[in-house]
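Coordinate analysis (summary)
So you can see what is in the structure, the chains are spelled out below.
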Amino acid sequence: MKLRPLFTLLLIPLSAAGPTFSQEGHPAAPPPPKSAKEIVCKHHPVPKLEDVTAKMGIHFRHTADPAKKYILESMSGGVLLLDYDRDGWLDIYFTNSPSVEMALKGQKSRGALYHNNHDGTFTDVTDKAGVATPCFAMGGAVADYNNDGWPDIYVTCFGGNVLYRNNGDGTFADATTKARVSDGRWSTGAAFGDYDGDGFVDLMVTNYVDFHLNDLPQFGSAPTCKYRGVDVQCGPRGLKGAGDSLFHNNRDGTFTDVSKSAGVDDARGFYGLGVVFADFNNTGRPDIFIADDSTPNYFYKNLGNGKFSDIGLESGTAVNEDGSEQANMGIALGDYNHTGRPSIYVTEFTDEPDTLFRNDGDWSFEDVSYKAGVALPSLKWVKWGDAFVDLDNDGWLDLFAVSGHVYPQMETVASAGGYVQPKIVELNQGDGTFCDALSQAGPALSEKRVSRGVAVGDLFNDGNMDVVVEDLDGSPMVLRNHGIPGRHWVSFDLAGTKSNRAAIGALIKLSAGGITQTDEVHSGGSYLSQNDLRIHFGLGSATKIDAIEIRWPSGAIDRVSNLVADKFYSVLEGKGIVPSDQVRPAFGKHGF
Amino acid sequence: MPLNDGDAKGAMLHLELAAKNAPNKDYIHYQLQQAYRKTSRPLDAERELTIYKQLKERGNLTSEPTQR
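Residues numbered from 1 in each chain as written. Chains lettered and ligands numbered in written order. Predicted model: local features only at pLDDT ≥ 70, side-chain atom pairs only at ≥ 80, totals over all residues.

Some points on unusual backbone geometry
Residues and elements named next belong to chain A. Look at the link from G235 to P236: it is a cis peptide, with omega at 0°. Positive phi outside glycine occurs at H43, with the angle close to 55°. Among the structural elements, H43 can be located in the loop between β2 (27-28) and β3 (49-51). Residue H43 is classed as exposed on the basis of its 6 C-beta neighbours within 10 Å. (Helix = DSSP H or I, 4+ residues; strand = E, 2+ residues; numbered from the N terminus. Buried ≥ 20, exposed ≤ 12 C-beta atoms within 10 Å, placed from the backbone.)

A closer look at the confidence of the model for chain B
All names here are of chain B. Per-chain confidence: chain B averages 84 in pLDDT, with 78% of residues scoring 70 or above. Within chain B, the lowest mean pLDDT, 90, falls on helix α3 (residues 42-62), and the highest, 94, falls on helix α2 (residues 26-38). At the level of chain-chain contacts, confidence expressed as ipTM amounts to 0.87, with global pTM at 0.95. (pLDDT = per-residue confidence, 0-100.)

Some details on the sheet that holds strand β18 (residues 271-278) of chain A
Residue and element names in this part refer to chain A. With respect to topology, four strands assemble into an open sheet ordered β18-β19-β20-β21, the strand pairing being antiparallel. If you trace the sheet from one side to the other, it starts and ends with β18 and β21 (308-310), each paired once. If you compare each strand with its neighbour and ignore which way they point, the axes differ by 20° on average. Where strand β19 (residues 287-293) lies against strand β20 (residues 298-302), three bridges are found, and the strand directions are antiparallel. Bridge pairing in β20 links I290 to Y298. (Pairing = 2+ DSSP bridges. Axes fitted to C-alpha atoms, helices over the stretch in contact; angles between N-to-C directions.)

Topic: the packing of helix α1 (residues 8-21) of chain B against α2(B)
All names here are of chain B. For the pair α1 and α2, interaxial distance at closest approach is 9 Å and the crossing angle is 145°. Considering only the axes of α1 and α2, their crossing is left-handed. Packed against α1, whose contacting residues are A8, A11, M12, L15, E16, A18 and A19, the element α2 presents I28, H29, Q31, L32, A35, Y36 and K38 at the interface. Considering only residue class, the contact of α1 with α2 consists of 10 nonpolar, two polar and two charged. (Left-handed = near helix turned anticlockwise from the far one by under 90°. Contact = placed C-beta atoms within 7 Å. Nonpolar A, V, L, I, M, F, W, Y, C, P; charged D, E, K, R; others polar.)

Observations regarding the nonpolar core
Counting residues in each nonpolar core, the largest one holds 175 residues, and the members touching the most others are A:I153, A:L203, A:M204, A:I288, A:F388 and A:F400. Sequence-distant contacts of A:F388, that is, excluding residues within four places in its chain, are made with A:A332, A:L333, A:G334, A:Y336, A:Y345, A:L397 and A:L399. Membership of the second largest hydrophobic core comes to 13 residues, among which are B:A22, B:I28, B:Y36 and B:Y52. (Core = buried A, V, L, I, M, F, W, Y, C linked by C-beta atoms within 7 Å.)

Below is the structure:
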């Protein structure tokens, strides 16, 4: 809540204070409050993140039309981290999409699956795995929809999504038709979550705009196809929304579309992008949060009877603190202030700061973006994928986000921030504020790119959380985190028995070094991407964990105490800590 | 910034005055509904939310098509 417009109104009652309008009629965000300060990290050790993409043997390139005449060509680039062969090491899947011109000719672009060789290098196994050309791909999500122990991949696409069932032998089978989860519109975000607690994950899919290759909105042809006086691609405003989908898992390899009956079909036609299931109010039931571009976000409260209620405006998460809808893209969730509740960080368009909605409990959030120091470092850029991640292992979640404009035409418009843009790295100071660490975290982060998806995970099993970025134009960037010497950590790989096997929705509360942290296993999130499903905690100087409590989606609770730090633990529902082979499936065995 | 500082009651008084002075500013009603919600006045919050929605709807109908 800003005093500037409010005080202006108190003094000059009928002035034009508040949101103003730019030449295209867009309600421009108000300028930052005078009290807003950019906090640069000082006296705070900053981990170095090194671009190791080439060293790892990753040669994938995302296809891109340089002109981006259609909005369809500006949105792809999700990255999924998953251990598809369950060898205990994260693998990487990059999505890809053709240009409109290629698509009209029937040409496809190849995605890529890279297998982790456990030695810092990766091998392209795309063809062997059978996941090269699922569709005109955007992003995706990972979970184990058939509870066979093997993580499956759902790829969101323009014109029909694809569900890859993991065969458990290094290959995937297209299970879309049987599962009935194609959707068929222009899908962007996806997330699995067990909203009805039946032990099988359901699937939420967001759709962006109603777009057709045989009826292309022409570049620069309308007021909604101009930006800062320059002709650009049309949309999303001026185009129709496309609705969203919730698919209920029937526990037999098929799903049923329950979008309408559940109340999440997006009848208002908002422009859906990021989506995630999370238990925001410790009810034991996952709610759904959706980032909608240029329209209000949805916050679907799970009512527990198969239905959801949108409380976006009531909760304070639909719009910014001025009541204005923003260009919401990616979603990061995290208990950054150790309250035991997940707060929400949403990435936004240029001139709109990324928004940090602090979770104050009882379904109430507050936009603390400026107060927390996360607004100013992000204001200039067009932001996409994002994550709460403890980069320095101090026990406090930091923030990472990527940027890159949608309009290549902005390369020559300095006030728009340019087309290529840097990363955003903000370290948690433990007092509700973050400091900007961009200039200290390594030169790769300042290298300007056109980035989209971001996923975080421990690629090298060394206790430091790494970052994988997929760019719209060209090569991705894998950032190896060299961490802070002397800091400790712990990681948990969870497997449900009564709950869904991948433990999506399981909540861990950890006490160590005098602080209590919480985190939840999430499918999807960020911008069209998937983070490491293992739960990682930084422990600072603590060398042991006093206690952990795991609340499984089934409602069961497991408690373990006195664990040694700096280790990966496997946890099986009902049994606690177990050898890793007990949470991994037998090779070659799979479910329906 | 009263609400950010947890002083929703203080903010509420200012916002009520602002809403009187400029009843057509949607964001004031949005902020006021938040302040009412934080001070356990749900009925007042609902009223202000309804006004906010009506003003937003009116604004959307009268403003030019927009870009992002």
